[in-house]
Amino acid sequence: MIPKLKLVLEYKHFFDSEPPENRLDLIKHIPKLQLLYEIAGLNYRLKPYNQLKYDFSLETQTKELEYFCPIDKDLYKKYVQIASKYTKSKDEYPLIFNRAANLFALEEILNNDGFLQEEKFDMKKVEVWDGIFKYLLAVNAEVVKVKQLPPEDTTIENISASAIALNELMIEDNPVYIPYKGICLIEYLSKHPVYGNELQRYFNETLKIDKDRFIYNLLSLSMANSQKKSFTEFVYNTNEPDAFLDFLSSNQFNNRDFIKLLTVKKTPFYKDRDTRYIVLDINFLINKSYNFFINDFWFDYLKPQKDEKGKDKFSFKHYRAAFGLFFEEYVGEIIENSFHHLKYPKPLLFDNLKIKVPAGQIEVADIYVRQNKKILVGQVKSSSIYDNEKYSGEINTLYRNNREQFYKDFGVNQTYDSIKTILENSDSFDSKLPVNKRLEFYPIIVVNDKVFQTPLIPNLLHQRFQELLANDDYKPHKIHPLVVAQISDLEYLENTLAKKKKTIWDILKSHYKKIDKTLMPPLIQTTDRFINPGIVAERLMIKMKEIINTYSERNQ
């Protein structure tokens with residue numbers, strides 16, 4: 001069964017035709033700055049700094065449509081009438097305004113010129129607002145575009161690759177956990193024998209800021225703004241030029257592949273003048289502390305360096321391996337804290353699951369958590385699906401032309417093999433495991449890449465696991481479906497599990513009930529009910545408060 005995703009209205013829905021070949025022609029009569037203000041403002045209203053989730057409600061969609069039709073009310077009524085044709089109820093309605101289109105539009109505008117040059121531009125014209133609205137509809141047509149497939153090839157597997165670009169950008173990032181991971185990553189790299197000194201020089205010479213101040217500044221910008229009117233909270237005014245905001249708004253790209261959003265990711269602010277900046281995307285701003293920091297440190301500082309022979313001084317493979325070890329350490333802390341009450345046996349992780357067999361040393365799994373006859377077993381994968389594969393729209397490109405290796409890289413085969421290894425070698429690490437009785441295995445793969453929270457990608461790994469499972473009979477044991485947990489899923493569950501308010505077994509079983517025939521939804525559809533801005537792990541709050549208090553005092 002192919003899931004029915006929410007309809008995004010595009011140009012053809014309103015005008016019964018395809019958008020112009022060059023959609024920028026729709027807005028060439030408007031200055032670039034005004035376009036950036038309007039679309040950045042729209043993007044901010046869908047998710048302001050004090051809101052965890054994107055507001056895609058019908059009420060907000062209606063308000064925004066009225067906002068972009070401020071002069072000609074008959075035109076507004078006409079557009080409402082068209083949108084209403086696709087609205088079945090207050091719960092089943094289409095989207096017009098969405099983050100994916102906003103970001104694509106900002107990226108395209110930032111990387112193009114030829115707009116009207118006029119300082120005192122009058123926005124109070126129907127053709128101005130209607131031009132912006134038509135342009136956004138044309139962008140919608142671009143971001144929802146999928147590769148046309150013959151009926152026999154219209155499968156979940158093929159469609160999964162086409163839907164990534166839109167779906168990934170609809171997933172929010174937590175404004176507390178992301179910077180906290182950034183703090184942990186920077187501390188880890190600071191002590192690394194290869195990258196420690198390099199990181200210190202990166203902060204001193206390139207960023208020209210202390211590492212803790214770096215996190216503090218990002219937190220300050222993403223969590224508050226001194227604007228008196230909430231409608232203009234996306235505009236940041238300063239008393240004097242701000243070096244950190246200049247850094248976050250220094251456009252260094254000439255990007256033509258707009259769907260990758262390289263400019264907005266690199267510079268989530270736009271500088272209007274010396275003392276005024278506009279935030280283009282709060283989520284991307286937050287990610288400068290973690291996901292984007294990983295790339296920035298590599299591409300801006302490590303990659304350009306050469307040794308005395310003119311060869312690359314640093315290896316990307318080695319750098320990613322260092323990040324992989326950090327990620328394992330971070331996941332390990334969450335697992336140990338979540339299941340600290342389990343003693344017999346206590347949770348086993350990574351090196352503690354390496355055992356000797358006649359063929360040599362093997363690793364049973366990355367994660368082994370047992371409570372009586374229930375076993376959580378799985379792998380931890382820091383690997384990412386890179387942009388060329390992610391945005392190709394082609395399943396073979398997503399697989400890097402090697403389907404089998406793709407699933408191995410993301411731990412599906414290893415997780416499957418772990419079950420057999422546990423049953424055959426439990427005496428080497430858990431001697432009291434009752435292998436002769438019916439055991440329940442709850443397979444899991446923990447990943448860093450947010451793409452695994454999109455509606456279809458986790459299902460690919462689930463289906464592959466089912467393929468492998470069909471080859472063996474594990475009776476009398478019960479093997480549950482494979483679940484892919486993005487790291488934020490574990491973060492949201494940590495306090496609930498640690499305080500024994502729910503068990504992991506009940507949470508996963510409730511998730512299995514959401515499987516629609518053979519379609520496995522992302523775990524966030526279950527863990528999102530545990531998202532609460534006031535409930536985070538105590539160890540996290542201690543570190544965050546330490547940084548905030550230190551620099552708050554210095555700013556007074």
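Presented here is a report on the structure given in the accompanying data block. None of the values given here were measured: they were computed from a predicted structure.

Procedures and definitions
- Residues numbered from 1 in each chain as written.
- Predicted model: local features only at pLDDT ≥ 70, side-chain atom pairs only at ≥ 80, totals over all residues.
- Heavy atoms only, no water.
- Pairing = 2+ DSSP bridges.
- Helix = DSSP H or I, 4+ residues; strand = E, 2+ residues; numbered from the N terminus.
- Axes fitted to C-alpha atoms, helices over the stretch in contact; angles between N-to-C directions.
- Parallel < 35°, antiparallel > 145°, perpendicular 65-115°, else oblique.
- Left-handed = near helix turned anticlockwise from the far one by under 90°.
- Contact = heavy atoms within 4.5 Å.
- Nonpolar A, V, L, I, M, F, W, Y, C, P; charged D, E, K, R; others polar.
- Core = buried A, V, L, I, M, F, W, Y, C linked by side-chain atoms within 4.5 Å.
- Buried < 20%, exposed > 50% of the residue type's maximum accessible area, 1.4 Å probe, protein only.
- Salt bridge = Lys/Arg side-chain N within 4 Å of Asp/Glu carboxyl O.
- Expected span 1.5 Å × (residues − 1).
- Polar contact = N/O pair within 3.5 Å; in protein donor to acceptor, adjacent residues only side chain to side chain.
- 1 Å grid on protein atoms, 1.4 Å probe; cavity = no way out; pocket = protein on both sides within 12 Å on 5 of 7 lines; lining within 4 Å.
- Points joined across faces, edges and corners; volume = space filled by probe spheres on them.

If you walk across this open sheet you meet the 3 strands as 1-3-2, and the pairing is antiparallel. On the outer flanks of this sheet lie strand 1 (235–237) and strand 2 (269–273), each paired with one strand and no other. Recorded for the sheet is a direction-independent mean angle of 25° between the axes of neighbouring strands. Looking at chain direction, strand 2 and strand 3 (residues 276–279) are connected through 4 bridges and run antiparallel. Opposite Tyr270, over in strand 3, you have Ile278 as the bridge partner.

Here we take up the packing of helix 20 (residues 412–425) against helix 21 (residues 457–469). For the pair helix 20 and helix 21, interaxial distance at closest approach is 10 Å and the crossing angle is 40°. Compared by their axis directions, helix 20 and helix 21 come out oblique. In this structure, helix 20 meets helix 21 at a crossing whose hand is right-handed. From helix 20, Val412, Asn413, Thr415, Tyr416 and Ile419 reach across to helix 21, where they touch Leu461, Arg464, Phe465, Leu468 and Leu469. Residue composition of the contact of helix 20 with helix 21, by class: 7 nonpolar, 2 polar and 1 charged.

Phe214 and Phe297 are the most contacted members of the largest nonpolar core, which has 144 residues in total. Looking at this core element by element, the count peaks at 10 residues for helix 6 (residues 126–143). Sequence-distant contacts of Phe297, that is, excluding residues within four places in its chain, are made with Leu189, Tyr195, Glu198, Leu199, Tyr202, Leu302 and Tyr319. Ile164, Phe406, Phe410 and Leu439 belong to the second largest nonpolar core, which has 40 residues in total.

Turning next to the pattern of salt bridges. Per the counting criterion, the structure on display carries 32 salt bridges. Between Lys450 and Asp173 there is a salt bridge; the shortest N-O distance is 3.2 Å. Here Asp173 lies in the loop between helix 8 (164–168) and helix 9 (177–190) and Lys450 lies in the loop between strand 9 (440–447) and helix 21, a separation of 277 residues in the sequence. Pair check on accessibility: Lys450 and Asp173 agree, each one buried. Each of Arg23, Glu108, Glu142 and Lys145 takes part in a single network of salt bridges with overlapping partners.

Turning our attention to helix 5 (residues 99–110). Here helix 5 contains 12 residues, and its C-alpha end-to-end distance of 16 Å stays within 8% of the 16 Å for a straight helix at 1.5 Å per residue. Within helix 5, 12 of the 12 residues are buried, leaving the element largely enclosed by the surrounding structure. Those residues of helix 5 lying buried are Arg99, Ala100, Ala101, Asn102, Leu103, Phe104, Ala105, Leu106, Glu107, Glu108, Ile109 and Leu110. The inward-facing, buried residues of helix 5 abut helix 2 (32–46), helix 6, helix 8, helix 13 (262–266), strand 2 and helix 14 (282–287). For helix 5, the N-terminal cap is Asn98; the gap from its side-chain oxygen to the backbone nitrogen of Ala100 is 3.3 Å.

Approximately 1,200 Å³ is the volume attributed to the second largest pocket. Along the walls of the second largest pocket sit 46 residues, with Lys265, Asn291, Phe292, Asn295 and Asp387 positioned nearest its centre. Taken together, the residues of the lining of the second largest pocket break down into 19 nonpolar, 10 polar and 17 charged.

So, on to the side chain of His462. Locating His462 in the fold gives a position in helix 21. Note on His462: relative accessible area 4%, which makes it buried. Setting aside residues no more than four positions away along its own chain, His462 makes contact with Pro481, Leu482, Thr518 and Met520.

If you trace the backbone, Asn217 turns up in helix 11 (residues 211–223). Contacts of Asn217, omitting those with residues within four sequence positions, involve Ile209 and Phe244.

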